[in-house]
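# Working through the structure, step by step
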Amino acid sequence: MSLVRTGDDPVFAIAQLDPRPGQIFAAAPQNYVLPDVTVEKIDGQYQVILNGEQIPHLRISNTYKDLMAQADSSPEVREYIREKIRAGKFLIKSLHQRQQTILNIANEIVKRQREFMDKGVAFLKPLTMVQVAEVVGVHETTVSRAVSGKYMETPQGIFEMKYFFTSGIQTASGVGISNTSVKEMISDMIKGEEPSKPLSDEEIVKLLDQKGIKIARRTVAKYRSELNILPSHLRKVY
């Protein structure tokens with residue numbers, strides 16, 4: 001029996017079919033983020049704590065050390081075991097160095113983003129990986145690899161560590177402000193607007209200028225688009 005009626009477009013009809021018909025009966029997957037580092041305020045100072053639960057605790061098995069000590073072990077066997085022990089120690093050392101690098105990077109982020117930790121996203125400062133790399137003593141690419149896919153739990157919530165690296169805009173007072181903070185300001189302005197008189201991009205430019213933030217109208221339009229906010233004429237409620 002044909003699934004397509006006479007006159008129907010077969011391609012269109014197939015496109016309307018659900019490729020995963022059983023999915024509606026399955027429970028939605030529960031995905032949770034396990035932060036790699038946690039920031040806590042202790043005695044007025046922020047402390048960075050590594051979460052070591054997801055890192056396996058490795059050690060060299062005594063079995064192989066015992067094999068090395070056995071008198072009947074041939075030189076070839078001993079050399080083979082010795083090589084594997086060296087490789088194992090190198091892996092353990094690399095894991096420790098990696099964790100230390102993450103800790104050092106996290107400490108520098110917290111040091112430079114203290115206002116964010118205290119007050120929230122609007123106070124996020126411009127920060128580059130080069131700046132952190134210079135302090136930590138590694139290459140910029142090492143910082144990039146170290147923070148990739150890593151999360152930090154802060155008093156303001158859980159954020160990907162890459163979130164804290166953002167370019168910025170110079171304010172009239174000479175203080176740098178991050179693009180993320182500017183986007184947050186734009187979002188707050190639009191949330192507080194009158195539905196019947198939504199703010200135009202030009203009006204947002206003027207409001208930001210009053211705060212000492214000078215940016216072009218096209219930049220406001222770009223940030224608004226990135227925030228998935230419609231232009232003013234489409235937001236207006238009659």
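Structural data are supplied above this passage.
When you go through the protein residue by residue, the secondary structure sums to 10 helices and six strands. Relative to its length of 238 residues, the protein is extended, with a C-alpha radius of gyration of 28 Å against a globular reference of 18 Å. Each principal axis of the C-alpha distribution contributes one length, and for the protein these read about 90 × 75 × 30 Å. For the protein, the residues scored as buried account for 32% of the 238 residues in total. Within the protein, contacts between residues separated by at least 24 positions form 57% of all contacts whose residues are at least 6 apart in sequence.

Glancing now at the pattern of salt bridges. Enumeration over the complete set of coordinates arrives at 11 salt bridges. One salt bridge connects R114 with D118, and the closest N-O pair in it is separated by 3.8 Å. Residue R114 and its partner D118 are located together in helix α4 (residues 114-119), separated by four residues, close to a single helical turn. A relative accessible area of 32% means that R114 is categorised as partly exposed. Residue classification places D118 among the partly exposed positions, given a relative accessible area of 35%. With a shortest N-O distance of 3.0 Å, R224 and D201 are connected by a salt bridge.

Attention now goes to the nonpolar core. Grouped burial of nonpolar side chains is what soluble globular proteins tend to show. Residues I105, I109, M117, M152, M161, F164 and F165 are the most contacted members of the largest nonpolar core, which totals 27 residues. When residues of this core are traced back to their parent elements, those giving at least two are β1 (37-42), β2 (45-50), α3 (75-112), α4, α5 (129-136) and α6 (140-147). When residues in this core are grouped by element, the largest group, six residues, is from α3. Those residues in contact with M152, other than ones at most four positions away along the chain, are P35, V37, V39, A106, I109, V110, M117, G157, I158, F159, M161 and F164.

Turning our eyes to something else, we now look at the sheet that holds strand β4 (residues 157-160). Sheet architecture is open: four strands sit in the order β2-β1-β3-β4, paired in mixed fashion. Of all strands in the sheet, those bounded by a partner on one side alone are β2 and β4. Strand after strand, the sheet turns through a mean of 25° between neighbouring axes, direction not considered. Bridge analysis of strand β3 (residues 151-154) against β4 gives four bridges, and the strand direction is antiparallel. Looking at β4, one finds that E153 is bridged to I158. Relative to β2, α3 is tilted by about 160°, and along the sheet it contacts β1, β2 and β3.

Reading guide: rules and limits
- Residues numbered from 1 in each chain as written.
- Predicted model: local features only at pLDDT ≥ 70, side-chain atom pairs only at ≥ 80, totals over all residues.
- Heavy atoms only, no water.
- Helix = DSSP H or I, 4+ residues; strand = E, 2+ residues; numbered from the N terminus.
- Rg over C-alpha atoms; globule rule 2.2 N^0.38 Å.
- Buried < 20%, exposed > 50% of the residue type's maximum accessible area, 1.4 Å probe, protein only.
- Contact = heavy atoms within 4.5 Å.
- Salt bridge = Lys/Arg side-chain N within 4 Å of Asp/Glu carboxyl O.
- Core = buried A, V, L, I, M, F, W, Y, C linked by side-chain atoms within 4.5 Å.
- Pairing = 2+ DSSP bridges.
- Axes fitted to C-alpha atoms, helices over the stretch in contact; angles between N-to-C directions.

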